[in-house]
Amino acid sequence: MAEHTSSSITIEAAPAEVMGVIADFDRYPEWTGEVKEAEVLATDDEGRAVQVRLLLDAGAIKDDHTLAYTWTGADEVSWSLVKSQMLRALDGSYRLAALKDGTVTEVTYQLTVDVKIPMLGMIKRKAEKVIIERALEGLKRRVESRPDAGPAPADEAAPADEAKKL
């Protein structure tokens, strides 16, 4: 089994707000430094992306790849590589956990990357860590800077309904 890298961050927003940003692939170029283009190629019956093409420019690694997404409930999304020019594998997930009565979210990002060019495991894991840290920090900034960011009143719709509104 391939080794993976993971990290977590706490975001001052409800899980539905965080997942709304994660699921909005069209806006990835606005808040992720490495994703220059994102195109949803297919969606499921609920309108969630199940296949996305991403144009990545991460300095030494420039790639045009397609990922397949699997949504598990309202609090988890995972992905795996469909095709790529430079990558052999790109598997990952976001898992959300509500904290403080649902007004704060812990986001755990797990990632496994395998490139087609030879690379030492230690260097690959460091690259994974950098990708994860940048993604989590970008996600935190994006969610917390949104005008509608902040905890939803307790009497509002369920989190799954909130995610659909975003």
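The structure we're discussing is the one just above.
Since we're looking at a predicted model, the values are computed, not measured.

Rules used throughout
Residues numbered from 1 in each chain as written. Predicted model: local features only at pLDDT ≥ 70, side-chain atom pairs only at ≥ 80, totals over all residues. Heavy atoms only, no water. Phe/Tyr/Trp six-rings, centres within 6.5 Å; stacked < 30°, edge-to-face > 60°. Helix = DSSP H or I, 4+ residues; strand = E, 2+ residues; numbered from the N terminus. Buried < 20%, exposed > 50% of the residue type's maximum accessible area, 1.4 Å probe, protein only.

Trainee: Can you tell me about the packing of aromatic side chains, naming the residues and giving the values?
Mentor: Under the counting rule described, the total for this entry stands at 8 aromatic pairs. Judged by centre distance (5.5 Å) and plane angle (55°), the rings of W79 and Y94 are tilted. Here W79 is found in strand 5 (residues 76-83), whereas its partner Y94 is found in strand 6 (residues 87-99), with 15 residues between them in sequence. Owing to a relative accessible area of 5%, Y94 belongs among the buried residues under this scheme. Consider the rings of Y94 and Y109, whose centres lie 4.7 Å apart with planes at 45°: the pair is tilted. A residue pair is termed long-range when its members are at least 10 positions apart, and Y94 in strand 6 and Y109 in strand 7 (residues 104-115) qualify at 15 residues. Grouping aromatic residues by their ring pairs yields a cluster made of F25, Y28, W31, Y69, W71, W79, Y94 and Y109.

Trainee: Any chance you could break down unusual backbone geometry for me, citing the residues and the numbers?
Mentor: Phi angles above zero are rare outside glycine, and K100 is one such case at about 50°. By secondary structure assignment, the location of K100 is in the loop between strand 6 and strand 7. Unusually for a residue other than glycine, D101 sits at a positive phi of about 60°. Along the chain, the position of D101 falls in the loop between strand 6 and strand 7.

Bear in mind that shape data such as this cannot, by itself, settle questions of function.
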